[in-house]
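Now for the letters of each chain:
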Amino acid sequence: MKKSNLSFFKALLLMTIALCLQNSSFAQTVRTVSGQITDSLGTGLPGVTVSVNDPKGNVISGTDGHYQIKAKDGTTLTFMYVGYETKTVIVNQDEINVSLSAQTNEAGTDVVVTAFGMKRSERSLGYAATTVKSDDITRTGTTNFATALYGKVPGLQIQAAPGGSTSGVYMQLRGVNSMLGKTTPLIIMDGVPIRDGAFNSGNYWGDQRERNNGIVDINPEDIENITVLKGAAAAALYGSEGVNGVVMITTKSGKNNKKGFSVDVNANYFQDQVAYLPRFQNTRGTGFPSQVPGYYTSDANGFNTQQYADANGNMYRALVQGNLNFGPVFDGKPIIAWDGVVRPYSAQPDRYKNLFQKANNSTQTVAISSNSAVQSTRFSVTNQHTEGLSIGSKNDKMSFSLNSTLHLGKNNDLQIIGNYYNLHVHNRPYLIDRMINNFTGMMPVFDNGDWYRNKYQTSLGYKYVLNTTQSLTPDENIHIPSYMTDILDYMWNVNKDIYDEYENRLIASITDSWTITKGLKLRGRVSTDYTNTNIYDKQSSTQPIVYGASGNYGVQNVYYNMLHADVMMEYNTKLSPDFDLTATAFYTADKEKGQNTSIYTNGGLSSENWFDLAATANPISNPSAPPLEIVKDAIIGTVNINYHNYLYAEGTIRRDRTSTMNPDNNSFVYPSANAGFIISDAFKLPETINYLKLRASWGIVGNYPDPYKANVAYLPANWGTQAPGTSPVLTTNTNFNIYGNLNIRPEKKNEYEFGLTGQLLHSRLGFDATFFTNTINDQILNLALAYSQGAVSQLNNVGKLSNKGFELSLNATPIDLKDFKWSFILNYANYSNKVVAISENSNSIIYGDYDGNAYQIVARVGHPAGEIMAHPLLKDDKGNLIVDDAGLYEQDPNKMESYGSIQSKGYGGFINTFTYKNFQLNFSIDYRYGGHVIPTGIFWMNSRGITEASLYHMDKAHGGLSYYLDANGKGVQTSGTAGPNGETVYNDGMMLPG
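Residues numbered from 1 in each chain as written. Predicted model: local features only at pLDDT ≥ 70, side-chain atom pairs only at ≥ 80, totals over all residues. Heavy atoms only, no water.

Within the secondary structure layout, Val153 lies in the loop between helix H2 (134-138) and strand S11 (156-160). It is 9.3 Å that separates the C-alpha atoms of Val153 and Thr227, two residues lying 74 residues apart in sequence. When neighbours within four sequence positions are excluded, Val153 is seen to be in contact with Thr130, Val132, Val228, Lys230 and Asn827. (Helix = DSSP H or I, 4+ residues; strand = E, 2+ residues; numbered from the N terminus. Contact = heavy atoms within 4.5 Å.)

So this is what it looks like as C-alpha cells:
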C-alpha cells in the first residue's frame, strides 16, 4: 500500500515537471505580430513607436497605422506616440490592433491630411496648414462647404456671389498670385483632384444669369474635415497646379465610428432674405425743382401737368415720367400710381426688397455606418432643397456617398469611394445690373416691387405694352407716368422665362494599399470626376404671332470628365534608435476632356411658346461646340527624416509635363524643403510653456497657361465662291486676337515661410504665427503687337509679382468652470502685394475701363495689382478747384490718379463657443479691412436722388442755402424771405469752394 502511494506521488511530480517544461518552451515561441494602430475615431496613426523588451527591435507604424514586429509569447508590446497615452499589450496572438487615446492639453497631436492624401502628424509639418473639422462645417447648416469656412482659416479669403444658395463661391489664398491667370486654389477630394471651375457673375451683357462653380456640388454633410495647404512648400507636390494653394477635402468613412452598425439622421432648415439695402431716402418722389428748367414739364408743385383717370373714371394727380427724385415732398394725399391704383402719396420703404423672394433652404441626411474587423463602410443619402433670392429660383439636389474599406488580408486594403450628385436647377438668379446701373431701372421712391408683379404681362400672357403701341389688349397698356421699363423687363424675365439645368456628377476612386514587407508599401489609385449637364432655355413669346415672331428656345449640353491615376511607393525604416527615415516615390497622370455644345432658334419662334428647335423662325446657323482636352503627368519624390521625435525635415521634388505647352518645352521641376523643430521637447522650458514649435519652409510652384492659349495654330476659313460656277475658296489664318508662343513657360512662385506655434498655461492659450514672402516670376501676359504682324497681341513671360504677409491664429479658454466654459479662436491675416515688373515697353496693364473712362482697374509697377485709377478734379495754375457754370466741379480729362487698391489689407474671423452643462452656443464673425470699392450703382442712385445722401441741401433743415434767381437766371445768395424785387427765395442751394 505504501509502495503504491509512493509511485503515485512520483508520477504526479514527473507530470508537473513535464508541464512546466512544456509551458517554458511555449513561452519561448516567437511570433510575427501585426496590426493597425488608430486614434479614438479609428483613423490610422503614422509614426507610432512599437517596442518589446529589446529596444533594438523597435518598429515605426506606417502612414495608415499598420505595423509588424517579432515578439515572444508572454512579452509586452509598448505603443508610444507623442501626444497620446502610452499603451501596453501582452503578446498572445498574431494580430493585435490598438486604439490610442490623445493626452489632454497636448499640442501637435493632430493627424493632418497632406498632399495626395498622405497623413502626417501636425508636429512634423514644416509649413502652415489649417484643418477645419466636420462639426465646424455643418454647424450652421450651410449648403456648401466653402461658405462654412468664413473666418476659420487664416489667409483664406472667401466671397459668395449674391443671389443665395444657388450662386458660386470664390476662394483665394494669400492674395494675388497671377496678374491674368488663375487665382483660385486647387481642390482635392480624398486625395484626388476634382473640378472646380471659374464663374463670372459680372458680365451682364455676356450672361444675365448668376452662375456657380463645381465646389458648390460637394455635400457638406459628407465631409469629415478640410485641410488648407497655404504656402509653396505645402503645395509643392502639386507643381504647376499649386501656385494658389490647395484645399484638401476628406469625406466621412465608417472607420470613424465604433465597431458595429449605426444610423445617423440629420435635418436642418434656414431662410435667406435680402439683408442690406442702400440707405434710401423716404422724403420726396419723382421730379425736379421747378426753378431749374429743361428737365420735366410739371406744375408749380412739381406734379405732372396732366391728370389721369382711375378705373372708375375719377381724375387724380400723377407724377412725371422720369428717373430723377428731386420732386414733391410726400404729403400722404391721394395720387394715381403708374399701375392705375390710387394710393396715398407716401414713401415705399420695402420697394426694392419686394422684387425678391424669401429663400427657403432645407437639408435631410440619413447615414448608415458599419465597422468590423474585415471592413468599414459608410453610406449616406442627402436631400437638399435650396432657393435663390431671385423669384422662382431653386435647386433640388440628391447626394449619395459611399466610402468603404475592405481588409483583404493582413497586408492589403481596398478603399472604394463614390459621391454621386443629381441636381435640378430651376431659373438661376437673374442679374440686377440694369436696376442699379441704368437710369430706367432705378426704382423711384414712390414705387414698389409688388406693383410690377401684376403689370409685367397682359391678361393674355404677353409682355407688357406701353402707351399707344399696338396690342390685343389696348386698355391694359401702361400709360400713366413714373414706371421703370428695366424693372418691368426684369420681372418678365424671372417670371416668364424658364431655364432648367439637369446635372449628373460622379466623383469616384478606387485605392489599393499593399504592405509588401516590413516598412515597404505600395499604393495605387484611379479616380474620375464625371459631369454631364443638359440645359433647356425657354424664353416666352413676348407678343402675338400676328405682330411677328418672338421668344427663343435653346438646348445646351456640357460634358466634362477628369481621369486621374497615381502610384506611390513608400519606404520607412529606423536608421538608428534616434533617426527615422521615410521615402516616397510617385507617378501621377491626369486627363481632362470636355465639350460645351449649344444650339438656339433663330429669329424667334414660329409658333407662340412652342419650345422646340423645329419652331425656329429662320434657319439655325452657327451652333457652338468648343472642345477641351488636357493631359498632364508628373514624377514625384519625397524624403522625410525624424530625429528623436522633435526635429523633422522633408525634401520634395516634382517634374511636371502638360499638354497646354509646346511638347518640346513642357517639362518643369518644382522642389521644396521644410523643417519643424519642437523646442519644448528638445529643451526644458518654463512650466507655463507646454508646447513650442519652430518651422521653416521653402518651395517653388507653378501656374501653366490655359488650354490652347500658347498654341500657334491656324483657323479654317471659307471665302465662298469667287466666280460663278466655281467652288468655295477654303483658306486658313492665324488667331488674330492672341498669337500663341511655343516657348512660353509656366508662372513660377518662389516662396519662403517661417512659423512659430505654441501652447501656454496648460494649453488654455495657444497661438500659430506665420510670416511668408514670395515672388511670382514669368507672369504670362498678352503683349500688344502692330497689326502688320498679323495679330493684336502675343502671349509672353514678362511680368513679376511679389507678396509678403503675416498670419496669426489665437486660441484661448478665458473661462473654464465646472458648468460653464468660454473658448474662442481669433484669426488674422495681413498681406502686401506689389507689381515688380511688366515688360520693357510698359509699366501697367488695364484690367478694365468703366463708365466711359470714368475709372480703370489696373496693375502698375511699384503698386498693388488691382489699383483704382480715376480722373482728378480740374485745378487752375494756382491749385484752386475749378467750378463750372452749373456750380459743379470739373474733372481733368487728361490725367488719372490712384485712389487705392481693390485688395483688402487684412481679414480674418472671431469664433466663439460658450458651453453651459450640456448646452452649447456658437457664434462667429468674419471681417475684412482696408481696400477700396467703386460703388458705381450707389453713385448713380445718388445722382438720381434715391439715397439719403441726395437729401443734403434740399432745404434749410438739410443744410441748403437760401438764394433767388436774378434777371439772368443766376443764383444770388440771400438771408431774406424774398429777393430785392420780390423774387422767390429757394432754400436748396449749395456753394462749392473753388
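What follows is about the side chain of Thr473. Note on placement: Thr473 falls in the loop between helix H5 (449-453) and helix H6 (485-496). Once residues within four sequence positions are removed from consideration, Thr473 is found in contact with Thr458, Ser459 and Leu460.

Ranked by size, the top nonpolar core spans 37 residues in total, and within it Tyr352, Leu355, Phe446, Tyr452, Ile487 and Met491 carry the most contacts. Looking at which element gives the most residues to this core, the answer is H6, with six residues. Not counting chain neighbours up to four residues away, the residues in contact with Tyr352 comprise Leu277, Phe280, Met435, Gly441, Met442, Met443 and Met941. Among the nonpolar cores identified, the runner-up in size contains 26 residues, and Ala146, Leu156, Ile187 and Met189 belong to it. (Core = buried A, V, L, I, M, F, W, Y, C linked by side-chain atoms within 4.5 Å. Buried < 20%, exposed > 50% of the residue type's maximum accessible area, 1.4 Å probe, protein only.)

Strand order across the open sheet formed by three strands is S50-S49-S51, with antiparallel pairing between neighbours. A single partner strand is all that each edge strand has here, and the edge strands are strand S50 (971-973) and strand S51 (986-989). Adjacent strand axes in the sheet meet at a mean angle of 55 degrees when their direction is disregarded. Summarising the sheet, strand S49 (residues 961-965) and S50 pair through three bridges and their orientation is antiparallel. Bridging from a neighbouring strand, Leu965 pairs with Gly971 of S50. (Pairing = 2+ DSSP bridges. Axes fitted to C-alpha atoms, helices over the stretch in contact; angles between N-to-C directions.)

Attention shifts here to empty space enclosed by the protein. For the structure on display, the rule yields seven cavities of 30 Å³ or more. Its volume calculated, the largest cavity comes out at about 80 Å³. Elements with a contribution of two residues or more to the lining of the largest cavity: helix H3 (232-235), strand S33 (647-658) and strand S34 (667-678). Here the lining of the largest cavity is composed, by residue class, of seven nonpolar, four polar and two charged. (1 Å grid on protein atoms, 1.4 Å probe; cavity = no way out; pocket = protein on both sides within 12 Å on 5 of 7 lines; lining within 4 Å. Points joined across faces, edges and corners; volume = space filled by probe spheres on them. Nonpolar A, V, L, I, M, F, W, Y, C, P; charged D, E, K, R; others polar.)

Let's shift gears to the confidence of the model for the protein. The predicted structure's coordinates, where accompanied by low pLDDT, should not be read in detail. Residues with a pLDDT of 70 or more make up 94% of the protein, whose mean pLDDT is 88. Ignoring residues within four places in sequence, the model shows residues 1-6, a span with pLDDT below 50, making zero contacts including any to other chains. Residue range residues 8-27 is modelled with pLDDT below 50. Its contacts to residues more than four positions away, or to other chains, number three contacts. (pLDDT = per-residue confidence, 0-100.)

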